[in-house]
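Chains, contacts and geometry: an overview
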Amino acid sequence: VVTDEGGVDVHEASGGRFGPAPRDVFEQWEAFRAWADEGVSSPVTPFEPGDLGAPSPLPRQVFSIGANYPDHAEEADFAIPTTMEVFSKFPTCIAGPYVDVPLPDGDTDWEAELVIVMGKEAHNIAEDSAWDHVAGVTIGQDYSERVRQMAASQWGLAKSHPNFGPTGPWLVTTDAVEDKDDLDITCAINGEQVQHGRSARMVFSVSQIITEIASISTLLPGDLIFTGTMSGVGLTRKPPVYLKVGDVVTTEIAGIGKIENRIVAGT
Ligand code: ZN
C-alpha cells in the first residue's frame, strides 16, 4: 500500500493476516482488497524506489502476447494476427523495477509493455468478467535477445535472461487509473523517447487476452501477462539499434509511474 509519503508494511499492519510474501496476498486478493478498502491506519514508512522488488516476484506462469499492436506488427513484417500469438517468459527473468540488466551476447532489444497481474483463478470465463479476475496493472519491459529469438520458432528462452522481465514500480488497482483500456505507454533510452503508444490500440484487448488464455490454461493468482509492445523497437530500425552497456531504459505508463534499468556488462 503506497502513498506519496511512503508505504505500509501489509504483513505488519494486518497483524500477520496477509503476507509477508506477495504471493500469499494474491491468494487472498478479495479479502485483502476488502481490508485495504476499509482504510489502513498504520503509519507509512518512506522508501527508496530502488528498494522495491517485483509486485509479483514469483509468478507461477508468465504469458506474453506477440504482435499485439498493428504498428509493431507492421514494422516487424508480421501479419496482424487473427489467432493470438502467446508465448512465455520463464519466471526466473522477472525482477523489480530498478534492476540492472546484464547484457548477454547477441542483440538485446527493448519492448515497453503493460503487464496484467492476476488476482483470481480463471478458467473458461466470460469476456465481460475478465477484468474481475485481475488484481491490478503494472509496467514491464520484455527485454529480448534477437539473435537467439530469430534463430528458433520458440521465443521464450531469448526473452528469459536474468532480469529480462523487470516489473513495477508497484501494482495499481484498476479503479485508480482513469481508463484501464486506454493507457499511455512510453519507452526512452538515455532520455530519448523511442516508443509511444496507447493500450487502446491493441489488436486483442486485455479482456480478450485473459479470456483466450483462460479458454485453454488456468490462470492463477499472481500470474503475469505481458500484453505486447508498440512500434519503435531496435530490431526494425534501419540500421537496427541494440542496447549497450551504460544505456538507461525508462519505461513509463501515465497514471502508474515508471521503471528504469541500467544495462551493465554481462558476467
Ligand atoms: Zn513483448
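All values reported here derive from a predicted model rather than from experimental measurement. (Residues numbered from 1 in each chain as written. Predicted model: local features only at pLDDT ≥ 70, side-chain atom pairs only at ≥ 80, totals over all residues. Heavy atoms only, no water.)

Regarding the side chain of T236
Along the chain, T236 falls in the loop between β12 (224-226) and β13 (248-253). Given the relative accessible area of 15%, T236 is considered buried. Reaching out from T236, the side chain makes a polar contact with the side chain of E75 at a distance of 2.9 Å. (Helix = DSSP H or I, 4+ residues; strand = E, 2+ residues; numbered from the N terminus. Buried < 20%, exposed > 50% of the residue type's maximum accessible area, 1.4 Å probe, protein only. Polar contact = N/O pair within 3.5 Å; in protein donor to acceptor, adjacent residues only side chain to side chain.)

Structural notes on the pairing of strand β9 (residues 165-172)
With 6 of 8 residues buried, β9 lies mostly within the body of the structure. Across 2 bridges, the pairing between strand β3 (residues 94-95) and β9 is parallel. The residue of β9 that forms the bridge with I94 is G165. (Pairing = 2+ DSSP bridges.)

Brief notes about helix α3 (residues 29-37)
In an α-helix there are 3.6 residues to a turn, and that puts residues three or four apart on one side. Of the positions making up α3, those classed as buried are W29, F32 and W35. Seen from one end, α3 has its buried residues packed into an arc of 125 degrees, which puts them on one side. Facing away from the buried surface of α3 by more than 90 degrees, the exposed residues are E30 and D37. Buried residues along α3 sit against α1 (10-13), α2 (22-27), β7 (134-141) and β9. Following α3 by one or two positions, G39 adopts a phi angle in the positive range, close to 95 degrees. (Arc of directions from axis to C-beta. Contact = heavy atoms within 4.5 Å.)

What about the coordination of the zinc ion?
Distances from the zinc ion to its protein donors, E111 (OE), E113 (OE) and D142 (OD), fall within 1.9 to 2.1 Å. Donor residues for the zinc ion, ordered by position in the chain, follow E-x1-E-x28-D. (Donors = N, O, S within 2.8 Å, 3.2 Å for Na, K, Ca; no water.)

Concerning the sheet that holds strand β1 (residues 62-66)
Across the sheet, which stays open at both edges, the 7 strands sit in the order β2-β1-β12-β6-β7-β9-β3 with mixed pairing between neighbours. Looking along the sheet, the strands with just one partner apiece sit at the ends: β2 (85-88) and β3. Here helix α6 (residues 206-214) sits on the sheet and contacts β1, β6 (112-118), β7 and β12; the angle it forms with β6, its principal contact strand, is near 55 degrees. (Axes fitted to C-alpha atoms, helices over the stretch in contact; angles between N-to-C directions.)

Looking at the pattern of salt bridges
In total, this model carries 13 salt bridges according to the counting rule given. Its salt-bridge partner being D37, residue R33 comes within 3.3 Å of it at the nearest N-O pair. Linking R33 with D37, this pair stays in helix α3, spanning 4 residues, or about one helical turn. Ionic pairing is found between R198 and D182, a salt bridge with its closest N-O pair at 2.8 Å. In this pair, R198 sits in strand β11 (residues 192-198) while D182 sits in the loop between β9 and β10 (184-189), placing the two residues 16 residues apart along the sequence. Among the residues examined, R198 registers a relative accessible area of 36% and is labelled partly exposed. By sharing partners, the salt bridges in this structure join K89, D109, E111, D142, R146 and K159 into a single network. (Salt bridge = Lys/Arg side-chain N within 4 Å of Asp/Glu carboxyl O.)

Here's the deal with α6
Burial of α6 is extensive: 7 of the 9 residues sit out of reach of the surface. Restricting attention to buried positions, one finds in α6 the residues V206, S207, I209, I210, T211, I213 and A214. Residues of α6 that are buried in the fold lie against β1, β6, β7 and β12.

A few points about the environment of R23
Along the chain, R23 falls in helix α2. Along the sequence, R23 and S56 sit 33 residues apart, while their C-alpha atoms lie 6.7 Å from each other. Setting aside anything within four residues of it in sequence, one finds R23 in contact with L58 and R60.

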